[in-house]
Every structure is written in structure tokens, then in C-alpha cells.
Amino acid sequence: MRSIASLLGRRVLQALLAALFVSSLCFFMVRFLPGDIAFDIASGRYGQEMTTQAAAAEVRAELGLDKPMAAAWLSSVSALARFDLGRSYTLGKPVWGLIREQLGHTLQLSGLAMLFSLFIGPPIGIIAALRPGGLVDRLNLLGSALLRALPPFATGIILIIIFAASLHWLPAAGHTQRGTIILPALTLALGLAAVSSRVVRSAMIDVARSAYFHFPLTKGLPLSTVVLRHGVRNMAVPVIAHLAMQFVYLIEGVIVVETLFAWPGIGHALSHAVRERDIPLIQGAVLVMAILFVLFNMVIDLVLVALDPRMRAR
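Summarised in this report is the structure supplied together with it. For clarity, every value in this text was computed on a predicted model and none was experimentally measured.

**A look at the overall build of the protein chain**
Then, number 1: Scanning the protein chain for helices and strands turns up 13 helices and zero strands.
Then, number 2: Going from the N terminus to the C terminus, the protein chain shows its helices and strands as α-α-α-α-α-α-α-α-α-α-α-α-α.
Then, number 3: For the protein chain, the spread of C-alpha atoms along the three principal axes comes to 85 × 55 × 30 Å.
Then, number 4: Evaluated residue by residue, the protein chain yields a buried proportion of 43% over its 314 residues.
Then, number 5: About 16,900 Å² of surface is accessible on the protein chain, with carbon and sulfur atoms providing 69% of the total.

Now the structure itself:
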């Protein structure tokens, strides 16, 4: 219990430090971008052709953009300490409400992508590990290398060309038609599965070389039964630990994929907020992603503690 309490305490501290660091970094990065931030915000509100210097000056006075940067940053940090992310500069709505609406779409997409990757990567990795150097193993190595080399937007475009433009099986983008989530989820899942298949292969090879794996085989148990009873359970610790690293790819890819497929999640909103220099919305979106990453790592740590008795003894 003491180790679990210490783990939770460290993760909570990491979440607080991540919130402070990420919000401050976003604030200064947007402020130091070239150009007139007030003009960009006014363009996001009224359209570029309707934006004048007078409109930009009005926005600057309304949002306090003429204040010294240090004072504006301190005001931003104090608002964050009160769990107040402010209002979107361009949309004029509370950031918490916008994030709450977009977060559901992002979690839905990410969850389905993780599910797809679990059905694709680990089974291929197990089959490849049972015959190292075989056909499945070589094809797995080639496929995982190609998928990891392709950026998410390139994978997404290939899937759009095949399944939407050529075969007409699935819609290319949007979120209102049935099946629109499948292509963006599959785009993320292929990148995740490319790595997880190799991790599972390496872990399964180590398990297959052990005495506790070979002994049931000498007793006459079928290979499938031995894999399920002894292989999957003993390779679970390194594979689950790898899920934390996969979440980094998921956060990185969801921004590109949501923008490519016009999926109304946090990543899509973040790309528009950066273009319009909407500081509160940028801070809110990045902050939620950072905290989700810390919380996901905390859940992974708790699962590892439950699976591995050696970690509970630390």
C-alpha cells in the first residue's frame, strides 16, 4: 500500500508540474510568434477580408493584449490555479465547455484505435515469435518498418484512396455519416500495431525460450493452450509497459489525423486555435492532453503493480 500511495503521489505531482509547464510554454510560444496576434484573432472572428486595424485595436483592448507579457502570464497562471481556462478568443465560449465537447470525440477515436491495434499487432507478434525468421516474421518486420516510416497523414491518405475513393466502402471524412470513425481510427491503429507487434514478438521469444514454457509442451498440452496460459500472461508486463509509450504516438497522431479527416476532437480544435492564435483554447487543449498522458501512465503503473509482485515489494 505504501508503494502504491507513493506512486500516486508522484503522478499527482507530475500532473501539477505538467499543467504549469505546458500552460506557460503555450502562452510564451504563441506570444512570440511573428505577426500581430490581435489581427490574427480578429481575422478568426470576423474573417480576413473584414478585418481592419481598427478591429484589431478593439480586440487588443478587449483581451488585454497590450499589457506587459509578465503581467499577462501571471494572470494566466493564477486563473489556471482557480481551474479557470477563460474564454476562447475567437469563439467567445468558455474553454472548459469546448474542451469537454471535443474530448469525448477524441477519447472515442483513441479508444477505437487502441482496440484495433490490439486486434492487429499482438496476434501477429505472437505468430511471428513462434517461428523466428519465418515468412510471417519477415513480413511483420517489413510491414512494421514501412508503417512506422510513413507519417500518419500519409497513411490516412492511402486509406482514403483505397477505401473511400476507389472501393467506396467508407466515407472519406466528417463525423455525421455512419462509419466515419473507422478510417481515422485505422490510421492511428496501424501505426500503433506496427510497434506493438515487434514488442510482443520480442517478449514472446523470451518466454518461448524459458523452461516453464517448454515443460507443459513435454506433458502433451497443445501449443495454443500453452501460449494462452503461460505465454500471454508472462509477456504481459513488458507489453503493457509499452502501452504508455504508445500513448505518446497516439497524442502526436491524433492532431494530424483529426485534422485530415475533419474529426471534431481536441486535435482538430488545436490546429485551428494555433492558426488563429487563440491562447486560452491552445492552453486548454494541450493541458488536457498532458494531464491525460500523466493519468494514463498512472493507470499503467497500477496495472503493472497488480501483475508483477516484485513491484509491490519495492
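**A closer look at unusual backbone geometry**
Then, number 1: A positive phi angle, near 60°, is found at histidine 168, a position not held by glycine.
Then, number 2: With a relative accessible area of 61%, histidine 168 lands in the exposed category.
Then, number 3: Even without being glycine, alanine 262 reaches a positive phi, approximately 55°.
Then, number 4: Here alanine 262 is to be found in the loop between helix H10 (223-260) and helix H11 (266-276).
Then, number 5: Residue classification places alanine 262 among the partly exposed positions, given a relative accessible area of 33%.

**Thoughts on the environment of glycine 220**
Then, number 1: Tracing the backbone shows glycine 220 in the loop between helix H9 (211-218) and H10.
Then, number 2: For glycine 220, a relative accessible area of 58% corresponds to the exposed category.

**Observations regarding the side chain of serine 117**
Then, number 1: By the element assignment, serine 117 lies in helix H5 (residues 95-130).
Then, number 2: Of the residues examined, serine 117 reaches a relative accessible area of 2% and is grouped as buried.
Then, number 3: Not counting chain neighbours up to four residues away, the residues in contact with serine 117 comprise Pro122, Ala189, Leu192, Ala193 and Ser196.

**Here we look at the packing of helix H6 (residues 135-149) against helix H8 (residues 182-208)**
Then, number 1: One way to put it is that H6 packs onto H8 with a least axis distance of 8 Å and a crossing angle of 140°. As far as their axial angle goes, H8 and H6 are oblique. By crossing handedness, the relation of H6 to H8 is classed as left-handed. Residue-level inspection shows Asp137, Asn140, Leu141, Ser144, Leu147 and Arg148 of H6 in contact with H8, the latter providing Leu190, Gly191, Ala194, Val195, Ser197, Arg198 and Arg201.

**Section: the environment of leucine 292**
Then, number 1: Within the element layout of this structure, leucine 292 appears in helix H12 (residues 279-307).
Then, number 2: When its relative accessible area of 27% is taken as the criterion, leucine 292 is described as partly exposed.
Then, number 3: For the pair leucine 292 and isoleucine 255, spaced 37 residues apart in sequence, the C-alpha separation works out to 15 Å.

**Topic: a nonpolar patch on the surface**
Then, number 1: On the surface, a nonpolar cluster with roughly 790 Å² of combined accessible area is contributed by Leu150, Phe153, Ile157, Ile158, Ile161, Ile162, Leu167, Trp169 and Val256.
Then, number 2: Per-element accounting of the nonpolar patch gives the leading share, five residues, to helix H7 (residues 152-166).
Then, number 3: Here isoleucine 162 shows up in helix H7.

**Section: the layout of surface pockets**
Then, number 1: In this structure, the largest pocket spans a volume of roughly 540 Å³.
Then, number 2: Lining the largest pocket we find 24 residues, and of these Ser75, Ser76, Gly86, Tyr89 and Pro280 sit closest to its centre.
Then, number 3: Contributing elements (two or more residues each) for the lining of the largest pocket: helix H1 (2-31), helix H4 (69-81) and H12.
Then, number 4: For the lining of the largest pocket, the class distribution of residues is eleven nonpolar, eight polar and five charged.
Then, number 5: What the second largest pocket holds in volume is close to 420 Å³.
Then, number 6: In terms of lining residues, the second largest pocket is bounded by 17 residues, among which Ala19, Leu80, Phe83, Leu287 and Ile291 are the most central.
Then, number 7: Listed by contribution, the elements that provide at least two residues to the lining of the second largest pocket are H1, H4, H5 and H12.

**Considerations on the environment of leucine 130**
Then, number 1: Among the structural elements, leucine 130 can be located in helix H5.
Then, number 2: Owing to a relative accessible area of 34%, leucine 130 belongs among the partly exposed residues under this scheme.
Then, number 3: In this structure, the C-alpha to C-alpha distance between leucine 130 and isoleucine 205, residues 75 residues apart in sequence, is 7.1 Å.

The rules we used
- Residues numbered from 1 in each chain as written.
- Predicted model: local features only at pLDDT ≥ 70, side-chain atom pairs only at ≥ 80, totals over all residues.
- Heavy atoms only, no water.
- Helix = DSSP H or I, 4+ residues; strand = E, 2+ residues; numbered from the N terminus.
- Buried < 20%, exposed > 50% of the residue type's maximum accessible area, 1.4 Å probe, protein only.
- Areas by Shrake-Rupley, 256 points an atom, 1.4 Å probe, with all protein chains shown as cover.
- Contact = heavy atoms within 4.5 Å.
- Axes fitted to C-alpha atoms, helices over the stretch in contact; angles between N-to-C directions.
- Parallel < 35°, antiparallel > 145°, perpendicular 65-115°, else oblique.
- Left-handed = near helix turned anticlockwise from the far one by under 90°.
- Patch = residues over 30% accessible without salt bridge, like charges linked within 9 Å, V, L, I, M, F, W, Y side chains within 5 Å.
- Salt bridge = Lys/Arg side-chain N within 4 Å of Asp/Glu carboxyl O.
- 1 Å grid on protein atoms, 1.4 Å probe; cavity = no way out; pocket = protein on both sides within 12 Å on 5 of 7 lines; lining within 4 Å.
- Points joined across faces, edges and corners; volume = space filled by probe spheres on them.
- Nonpolar A, V, L, I, M, F, W, Y, C, P; charged D, E, K, R; others polar.

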